[in-house]
Amino acid sequence: MDDIYLNCICYDYSIIDGPGLRTLIFMQGCDLRCPFCQNQKIWDIKGGYKWSIKVLINELKKNSITKKVTITGGEPLFQLKALKTLVDELYKEQFNIVLYTGHRKEDVPKDILSKINYLKYGPFIYSKRTSTIPFVGSSNQVFEKLR
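Right, let's walk through the structure included here. Note that the structure is predicted; figures quoted are calculated from it, not measured.

In this section: the pattern of salt bridges. Summed over all chains, the structure comprises eight salt bridges. With a shortest N-O distance of 3.1 Å, Glu89 and Lys92 are connected by a salt bridge. Taken together, the residues Glu89 and Lys92, both in helix α2 (residues 80-92) and three residues apart, mark about one turn of the helix. With a relative accessible area of 16%, Glu89 lands in the buried category. Sharing partners across several salt bridges, the network here consists of Arg104, Glu106 and Asp107.

The next point concerns the nonpolar core. Core analysis: the biggest nonpolar cluster contains 26 residues, and Ile71 and Leu90 have the highest contact counts within it. When contributions to this core are tallied by element, the ones reaching two or more residues are β1 (3-14), β2 (22-27), α1 (53-63), β4 (68-72), α2, β5 (96-100), α3 (110-113) and β6 (118-121). Among the elements that take part in this core, α2 stands out by supplying five residues, more than any other.

Tracing the sequence through the fold places Ser138 in the loop between β6 and β7 (142-145). With relative accessibility at 0%, the residue Ser138 sits in the buried group. Those residues in contact with Ser138 that lie beyond four places of it in its chain are Pro123, Phe124, Ile125, Lys128, Arg129 and Thr130.

Running from amino to carboxyl end, α1 crosses α2 at an angle of 40 degrees, the nearest separation of the two axes being 10 Å. By the criterion of interaxial angle, the relationship of α1 to α2 is oblique. Read as a crossing pair, α1 and α2 show a hand that is right-handed. Counting all contacts with α1, which are made through Ile53, Leu56, Ile57 and Leu60, the residues of α2 involved are Ala82, Thr85, Leu86, Glu89 and Leu90. A per-class count over the contact of α1 with α2 returns seven nonpolar, one polar and one charged.

This brings us to a nonpolar patch on the surface. On the surface, Ile15, Ile16 and Leu21 cluster together to form a nonpolar patch covering roughly 320 Å² of accessible area. Mapped onto the fold, Leu21 is located in the loop between β1 and β2. Residue class for Leu21 comes out partly exposed when judged on its relative accessible area of 43%.

Rules used in this analysis
- Residues numbered from 1 in each chain as written.
- Predicted model: local features only at pLDDT ≥ 70, side-chain atom pairs only at ≥ 80, totals over all residues.
- Heavy atoms only, no water.
- Salt bridge = Lys/Arg side-chain N within 4 Å of Asp/Glu carboxyl O.
- Helix = DSSP H or I, 4+ residues; strand = E, 2+ residues; numbered from the N terminus.
- Buried < 20%, exposed > 50% of the residue type's maximum accessible area, 1.4 Å probe, protein only.
- Core = buried A, V, L, I, M, F, W, Y, C linked by side-chain atoms within 4.5 Å.
- Contact = heavy atoms within 4.5 Å.
- Axes fitted to C-alpha atoms, helices over the stretch in contact; angles between N-to-C directions.
- Parallel < 35°, antiparallel > 145°, perpendicular 65-115°, else oblique.
- Left-handed = near helix turned anticlockwise from the far one by under 90°.
- Nonpolar A, V, L, I, M, F, W, Y, C, P; charged D, E, K, R; others polar.
- Patch = residues over 30% accessible without salt bridge, like charges linked within 9 Å, V, L, I, M, F, W, Y side chains within 5 Å.
- Areas by Shrake-Rupley, 256 points an atom, 1.4 Å probe, with all protein chains shown as cover.

Structure, rendered in structure tokens:
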């Protein structure tokens, strides 16, 4: 099974990164580097921690009580192969999955879209920042239920 580079996992059960109480998986590395990004420190893939996806899944099964995860970053699509494996395994374990990406929806492979519950897509644009639209940082971004 593949390895994945993460910045951290937050078991604080966020309510602002998707519906319900969620565990956050911050993937390391970003190819977009949006101005005013809140996570600039995790742009460099070398700054993260290497995990076995098998170990990560076992960790999440043990510690994510709600089985609701939000995969964010950095930019998850930056590690596309590992992301596909992670989503496949989370889907098999019946996790509710939100994927955050700064890319377009069309850039997310169909085999990922078919297994996630929600997708937040679009780049963060500082001049369009908002705190009134749930689960997005700027008004150009879209949060969409997929299944």
